[in-house]
Amino acid sequence: MSEKRAIIAEHIFLINYSDSIFEKEINKFPETEVDSIDMYIKIMGNYGTPFFNYDMKIKLTSNEIIFQRNDYLIEVKADYSEAKIYVNNDFALKHAMMNLYSCYIVYRKWGLLLHSSCVIDQNKAHLFTGYSGAGKSTAAKLSNPRILLSDEASIIKIQGNEITVFDSPFRSETESHAKNLTAGIGSIQLLIQSNQNKRELLKKSDALMQLMDKVFYWAHNREDTKNILQLMQQLVQNTPVYELYFQKNESFWELIS
Amino acid sequence: MCKYIKKSNVEATLLDNEWILLNVDQFTVTKVNQLGGYCWDLLNEVQTLNELYRSIRVQFPESEELTINDIEQYLTQLIECGLVEHDI
């Protein structure tokens, strides 16, 4: 067994893993010396079959929540103090960690993991979200040389009217180069590819409706689902959300900066 | 006559004078306008169709074209969205 004390945003995880094939994925989480552990995680291999779809089974017992996909299984204590993760491969491990982390921060009423890329411009975090193929990673690539906080899943801390975006280790195409970086939120863009650039502010109620299905979350109990609504309400109350019609070049930044 | 009441597994939040209703078991969200929000508020207690219709006409006197059938259709939609149920 190997061990790593890792930090994701403000949360410390003591990760034990059985197989060195997981090291590449686990090394994406920065190491920390901080003593206080938020969750103990044990990772084991040889589970299930390679990924074939996103179907998830969720089971609640008196003291555990169990998330099961064909390529991973998570058993987590109801108070999120300990988790065991069984995975098929490193792809499954990445998704299992996202699953676990997302549910954990909602349980703690700390924040949300949003399906989006995030770019820093003039010290503010600007998020780009939308359905698959809308252009989240394209917008991120077109934002060079600005710093990316995420290209797939943005970690958003929501505490009252203070909204902060953290550097995300949950990435698809890019690597994190600024692991301790955070930025106050500037805006959220719902992406629509177009032959002209245009940005329209959404009503807060429409923004909430549009963003609800962009949260990485698997509903499993009423309290946590209520937390999502409260967090989302605070997010849209304190953040302008736009529809961004954009051409596939960097000119859309003229509408944001 | 049918009676209606809101379901207990629904959380509501008000934004820009519009109610967002979340069924916490299905993780589905529905947005209703001001009239719908008023209706939703009344459904804290059991309401018949006639009671709802009368209250709405008093609260929104300008909604002259609204019929009792419109309200019944609206309630059917709310039932389909998992937000309201028949009180038996």
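Calculation notes
- Residues numbered from 1 in each chain as written.
- Chains lettered and ligands numbered in written order.
- Predicted model: local features only at pLDDT ≥ 70, side-chain atom pairs only at ≥ 80, totals over all residues.
- pLDDT = per-residue confidence, 0-100.
- Axes fitted to C-alpha atoms, helices over the stretch in contact; angles between N-to-C directions.
- Helix = DSSP H or I, 4+ residues; strand = E, 2+ residues; numbered from the N terminus.
- Parallel < 35°, antiparallel > 145°, perpendicular 65-115°, else oblique.
- Left-handed = near helix turned anticlockwise from the far one by under 90°.
- Contact = placed C-beta atoms within 7 Å.
- Nonpolar A, V, L, I, M, F, W, Y, C, P; charged D, E, K, R; others polar.
- Pairing = 2+ DSSP bridges.
- Core = buried A, V, L, I, M, F, W, Y, C linked by C-beta atoms within 7 Å.
- Buried ≥ 20, exposed ≤ 12 C-beta atoms within 10 Å, placed from the backbone.
- Domains from an automatic or database assignment.

Describe the confidence of the model for chain B, with residues and values.
Averaged over every residue, the pLDDT of chain B is 90; the share at 70 or more is 100%. Scored as a complex, the prediction yields pTM 0.93 and ipTM 0.85.

So what about the packing of helix α4 (residues 204–212) of chain A against helix α5 (residues 222–238) of chain A? Which residues, and what values?
Residue and element names in this part refer to chain A. At a minimum axis separation of 9 Å, α4 and α5 run at an interaxial angle of 130 degrees. In this view, α4 runs oblique relative to α5, as classed from their interaxial angle. The handedness of the crossing between α4 and α5 is right-handed. Side by side, α4 and α5 meet where K204, A207, L208, L211 and M212 of the first sit next to M232, Q233, V236 and Q237 of the second. Partitioned by chemical class, the residues of the contact of α4 with α5 number six nonpolar, two polar and one charged.

Let's hear about the sheet that holds strand β2 (residues 10–15) of chain B: which residues, and what values?
The strands that make up a sheet are held in pairs by hydrogen bonds between backbone atoms, and each pair lies either parallel or antiparallel. One open sheet accounts for three strands, arranged β2-β3-β4 (chain B); its pairing is antiparallel. At either margin of the open sheet sits one strand with a lone partner, and together these are β2 and β4 (28–32) of chain B. For this sheet, the mean inter-axis angle between neighbouring strands, taken without regard to orientation, is 20 degrees. Pairing analysis gives six bridges linking β2(B) to strand β3 (residues 18–23) of chain B, with the strands arranged antiparallel. Its bridge partner being in β3(B), B:T13 is matched across the sheet by B:I20. Contacts between α5(A) and the sheet are confined to β2 and β3 of chain B, with β2(B) contributing the most and set at about 5 degrees to the helix. Lying on the sheet, helix α1 (residues 34–42) of chain B is in contact with β2, β3 and β4 of chain B; it crosses β3(B) at an angle near 55 degrees.

Account for the nonpolar core, naming residues and giving values.
Residue and element names in this part refer to chain A. Core analysis: the largest hydrophobic core is formed by 86 residues, its most contacted members being I74, I85, A96, L100 and V165. The element best represented in this core is helix α2 (residues 90–107), accounting for nine residues. Of the residues that make up this core, three or more belong to each of domain 1 (2–108) and domain 2 (112–255). Apart from the residues lying within four places of it in its own chain, the contact partners of L100 are I74, V76, A83 and I85.

I'd like a rundown of the sheet that holds strand β1 (residues 3–6) of chain B, residues and numbers included.
Residues and elements named next belong to chain B. Here three strands make up an open sheet; going across it, the order is β5-β1-β6 and the pairing antiparallel. This sheet does not close on itself; its edge strands, each paired only once, are β5 (47–48) and β6 (84–86). Of the strand pairs in this sheet, β1 and β5 are connected by two bridges, and their pairing is antiparallel. Looking at β5, one finds that Y4 is bridged to Q47.

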